[in-house]
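Observations on the three-dimensional arrangement
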Amino acid sequence: MQKIILLLAFITLNTTIAQQVKKKQILLIGTFHFANPGNDIAKINTFNVMSEKSQKELEIMSDKIKKFGPDKIFIEWKFNKQAELDKFYNKNTDSLLKKDPNEITQLALRTAKKLNHKKMYGIDYRTRFPYDSLMMSMEKANQKGLMKRNTESTKEFEKNDNEQISKKSLTNIMLYNNKKETLDKNIQWYLEVANRAGNPDDFTGASLVSNWYKRNLYMYSIIQKLTESTDNKIMVLVGGGHAAIIRDFLAHDPEFEIVELSTVLKQ
């Protein structure tokens, strides 16, 4: 009898431990701007997500994500503008899908409505990005080699992304953008170029990089705090640069495990 009691206690303990270490699944999607506002340093061409072909792909993509079943969807919308997001979410969905090419509408909203979610969650937290000051610091320090590397890096980024846009389908572009090697390139410029900028006593470059990391760390903090114990799966839709850094944060957070977009779309 004692052996049976001990066995039951052992099984109960193992079950409890297993429940405690069960990780929350996060579908982290890094995207390009469907409705490109042209505000980024690299000038990327606009992709027509409103075409019949792309709309069909978005329907399939959102159906696959629905099957994955996220309990919450987080998006790159200002955290302090949640009330505006709530109003936006409650607008006529069919009308928005027909006229608004933004990725928030076309992928996040489309998916959230299929899941019958009551809302989406804004996580963006803006910080300073003094790019002009960065260039001035390079000039002041006479860093001609670094300035050349900066130009070449930007042109290479533009070339790669514009080739994807001109040759591939929306689904294939999204899959390409979420490959680890593609995401890593989004981080490379900050450490290879920006952080080196300026004279030894000029930390304009390091300030820009730290502010970029700060923005993403704040965004990740919001995800952590808004993910409740009852949420088993979540989806995060942000620009590729954000996804690259958030992915690094996730690698050191034992409460989450990443589910690849490629895995979800194959289901």
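Scroll up for the structure.
In this report, we go over the structure that sits alongside the text. (Residues numbered from 1 in each chain as written. Predicted model: local features only at pLDDT ≥ 70, side-chain atom pairs only at ≥ 80, totals over all residues. Heavy atoms only, no water.)

Side note on the nonpolar core
Grouped together as the largest cluster of nonpolar side chains are 35 residues, with contacts concentrated most on Ile29, Ile75, Leu107, Met120, Leu170 and Met174. Of all elements in the fold, only strand 1 (24-31), helix 2 (52-68), strand 2 (72-78), helix 3 (82-89), helix 5 (103-114), helix 8 (170-177), strand 4 (233-239) and helix 12 (261-266) reach the threshold of two or more residues within this core. Sort the elements by how many residues they give to this core and helix 5 lands first, with 5 residues. Those residues in contact with Met174, other than ones at most four positions away along the chain, are Ile29, Gly30, Thr31, Phe32, Phe34, Met61, Leu107 and Leu261. Counting residues in hydrophobic clusters, the runner-up holds 34 residues, among them Leu28, Met219, Val236 and Phe256. (Core = buried A, V, L, I, M, F, W, Y, C linked by side-chain atoms within 4.5 Å. Buried < 20%, exposed > 50% of the residue type's maximum accessible area, 1.4 Å probe, protein only. Helix = DSSP H or I, 4+ residues; strand = E, 2+ residues; numbered from the N terminus. Contact = heavy atoms within 4.5 Å.)

Re helix 8
Counting buried positions along helix 8 yields 6 of 8 residues, so the element is predominantly enclosed. Looking only at helix 8, the buried set comprises Leu170, Thr171, Ile173, Met174, Tyr176 and Asn177. At its buried positions, helix 8 is contacted by strand 1, helix 2, helix 5, helix 7 (144-167), helix 9 (180-192) and helix 12.

Side note on the sheet that holds strand 1
Strand order in the open sheet formed by 5 strands is 3-2-4-1-5, and the pairing between neighbours is parallel. Since the sheet does not close on itself, it has two edges, and those belong to strand 3 (121-124) and strand 5 (256-258), each with one partner. The mean inter-strand angle of the sheet, taken between neighbouring strand axes irrespective of direction, is 35 degrees. Note: strand 2 against strand 4, 4 bridges, orientation parallel. Looking at the pairing, Ile73 lines up with Met235 of strand 4. (Pairing = 2+ DSSP bridges. Axes fitted to C-alpha atoms, helices over the stretch in contact; angles between N-to-C directions.)

Some points on the packing of aromatic side chains
Enumeration over the complete set of coordinates arrives at 12 aromatic pairs. Aromatic pair Phe32 and Phe47: ring centres 6.1 Å apart, planes at 80 degrees, arrangement edge-to-face. Placement of the pair is Phe32 in the loop between strand 1 and helix 2 and Phe47 in the loop between strand 1 and helix 2, with a sequence separation of 15 residues. Judged by its relative accessible area of 9%, Phe32 is buried. Aromatic side chains Phe129 and Tyr190 sit 6.4 Å apart centroid to centroid with 80 degrees between the ring planes, which places their arrangement in the edge-to-face category. Placement of Phe129 in the loop between strand 3 and helix 6 (131-140) and of Tyr190 in helix 9 is noted, with a sequence separation of 61 residues between them. For Phe129, a relative accessible area of 33% gives the class partly exposed. Taking relative accessible area as the criterion, Tyr190 reaches 9% and is therefore assigned buried. An aromatic cluster is defined as three or more aromatic residues linked by ring pairs; in this entry it consists of Phe129, Tyr131, Trp189, Tyr190 and Trp212. Lying across the ring of Tyr89, Lys113 places its NZ or CZ 4.0 Å from the centre. (Phe/Tyr/Trp six-rings, centres within 6.5 Å; stacked < 30°, edge-to-face > 60°. Lys NZ or Arg CZ within 6 Å of the ring centre and 35° of its normal.)

Considerations on the environment of Ile29
Its place among the elements puts Ile29 in strand 1. As for Ile29 and Asn177, which are separated by 148 residues in sequence, their C-alpha atoms are 8.6 Å apart. Leave out the neighbours within four places in its chain, and Ile29 touches Ile65, Leu107, Met174, Asn178, Met235, Val236, Leu237, Val238 and Leu261.

Section: the side chain of Asn150
Its place among the elements puts Asn150 in helix 7. For Asn150, a relative accessible area of 4% gives the class buried. Not counting residues up to four positions away in its chain, the partners in contact with Asn150 are Tyr131, Met135, Trp189 and Val193.

A closer look at the pattern of salt bridges
Scanning the entire structure with this criterion turns up 13 salt bridges. A salt bridge links Glu52 to Lys56; the shortest N-O distance between them is 3.5 Å. Within this pair, Glu52 and its partner Lys56 are both found in helix 2, separated by 4 residues, close to a single helical turn. For the pair Glu52 and Lys56, one class covers both residues: exposed. Between Glu57 and Lys53 there is a salt bridge, with the nearest N and O atoms lying 3.3 Å from each other. Of this pair, Glu57 and Lys53 both sit in helix 2, 4 residues apart, which is roughly one turn of the helix. On the accessibility criterion, Glu57 (9% relative accessible area) is buried. Residue class for Lys53 comes out exposed when judged on its relative accessible area of 53%. Members of the salt-bridge network, linked through shared partners, are Glu59, Asp63, Arg110 and Lys114. (Salt bridge = Lys/Arg side-chain N within 4 Å of Asp/Glu carboxyl O.)

Honestly, that's just the spatial picture; any functional story needs more than this.
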